[in-house]
Amino acid sequence: MEIQVDGTQKEETKFKSQYFTTEEVEELSSDLMWKLEDVRGECGWPFKINSGYRPGDPNSHGDREAVDIKLWKWSDPVWKENGLKPMSFGQQRQRIHDVARKYGFNRIGLESRHCHLDISKRLPQNVTFIGVSR
Ligand SMILES: [Zn+2]
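Remember, it's a predicted structure, so these values are computed and weren't measured experimentally.

The rules we used
Residues numbered from 1 in each chain as written. Predicted model: local features only at pLDDT ≥ 70, side-chain atom pairs only at ≥ 80, totals over all residues. Helix = DSSP H or I, 4+ residues; strand = E, 2+ residues; numbered from the N terminus. Buried ≥ 20, exposed ≤ 12 C-beta atoms within 10 Å, placed from the backbone. Contact = placed C-beta atoms within 7 Å. Expected span 1.5 Å × (residues − 1). Arc of directions from axis to C-beta. Axes fitted to C-alpha atoms, helices over the stretch in contact; angles between N-to-C directions. Parallel < 35°, antiparallel > 145°, perpendicular 65-115°, else oblique. Left-handed = near helix turned anticlockwise from the far one by under 90°. Nonpolar A, V, L, I, M, F, W, Y, C, P; charged D, E, K, R; others polar. Core = buried A, V, L, I, M, F, W, Y, C linked by C-beta atoms within 7 Å.

Visitor: Go over the overall build of the protein chain, please, and point to the residues and values.
Guide: A tally of helices and strands in the protein chain yields 4 helices and 5 strands. In the protein chain, the succession of helices and strands from N to C terminus is α-α-β-β-α-α-β-β-β. For the protein chain, the residues scored as buried account for 24% of the 134 residues in total. If you take every contact in the protein chain between residues at least 6 apart in sequence, the share linking residues at least 24 apart comes to 41%.

Here it is as structure tokens:
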């Protein structure tokens, strides 16, 4: 493992996504993004990360280990554009939850219009929380 000038270890594998833009994943931990990449791949529909670690963003989680995934409406063009059958919010939440568990996420938020996934080890483990998107 390479040691950098500041004494820290260089990350082994730089995250490179086939699904997310550089801007979306910027500043997020590679561990989080590798997991999220698997979840996105298996779910099969485009994920929009609408909150993450973005300095100055009022919706920022304040760390690099959490994301919110926007849930699409039936009427959003994303379904048709990708040749997919529209899914309800409830169907998307269920699917994201099941697939996220499979890939090792154990902190999952099922919110009215988004799903929260994080890999914090500081916060309580094996939790699913329910809420209303702001
Ligand atoms: Zn969140």
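Visitor: So, helix H4 (residues 89-102): which residues are in play, and what are the values?
Guide: Between the first and last C-alpha of H4 there are 20 Å, a value that for 14 residues agrees with the 20 Å anticipated at 1.5 Å per step. Among the residues making up H4, those that are buried are Gln 92, Arg 93, Ile 96 and Ala 100. Taken around the axis of H4, the buried residues stretch over an arc of 100°, which confines them to a single face. Of the exposed residues in H4, those oriented more than 90 degrees away from the buried face are Gly 90, Gln 91 and Lys 102. Against the buried residues of H4 lie helix H2 (30-43), strand E2 (66-70), strand E3 (107-111) and strand E4 (114-118). Residue Gly 104 follows H4 closely and has a positive phi angle near 95°.

Visitor: Got a sec to walk through the packing of H2 against H4? Specific residues and values, please.
Guide: The description of two helices packed together rests on the angle between their axes and the distance between the axes. It is at 9 Å that the axes of H2 and H4 come closest, and there the two elements cross at 130°. Between H2 and H4, the angle falls in the class oblique. In terms of crossing hand, the pair formed by H2 and H4 is right-handed. Here H2 contributes Val 39, Glu 42 and Cys 43 to the contact with H4, which in turn contributes Arg 95, Ile 96, Val 99 and Ala 100. Of the residues assigned to the contact of H2 with H4, the class counts are 5 nonpolar, no polar and 2 charged.

Visitor: I'd like a rundown of the nonpolar core, residues and numbers included.
Guide: Grouped together as the largest cluster of nonpolar side chains are 21 residues, with contacts concentrated most on Leu 32, Leu 36, Val 67, Ile 69, Ala 100, Cys 115 and Leu 117. The set of elements that each furnish at least two residues to this core consists of H2, E2, H4 and E4. At 4 residues, the largest contribution of residues to this core is made by H2. Beyond its immediate chain neighbours, meaning those up to four positions away, Cys 115 contacts Ile 69, Leu 71, Arg 93, Ile 96, Ile 108, Gly 109 and Leu 110.

Visitor: Lay out H2 in plain terms, naming residues and giving numbers.
Guide: Between its terminal C-alpha atoms H2 stretches 20 Å, which fits the 20 Å expected from 14 residues at 1.5 Å a residue. In this structure, the buried side of H2 is in contact with helix H1 (22-25), E2, H4 and E4. Residue Gly 44 follows H2 closely and has a positive phi angle near 90°.

Visitor: Tell me about the environment of Ser 88, and please be specific about residues and values.
Guide: If you trace the backbone, Ser 88 turns up in the loop between helix H3 (78-81) and H4. The class of Ser 88 is exposed, set by 12 C-beta atoms lying within 10 Å. Expressed as a C-alpha distance, the spacing of Ser 88 and Trp 72, which sit 16 residues apart in the sequence, is 7.8 Å.

Visitor: An account of the environment of Glu 65 is needed here, citing residue identities and associated values.
Guide: Position of Glu 65 among the secondary structure elements: in the loop between strand E1 (48-51) and E2. According to the C-beta neighbour criterion, Glu 65 is buried, with 20 such atoms within 10 Å. Those residues in contact with Glu 65, other than ones at most four positions away along the chain, are Ser 29, Leu 32, Asp 118, Ile 119 and Ser 120.

Just geometry here; none of it tells us what the structure is for.
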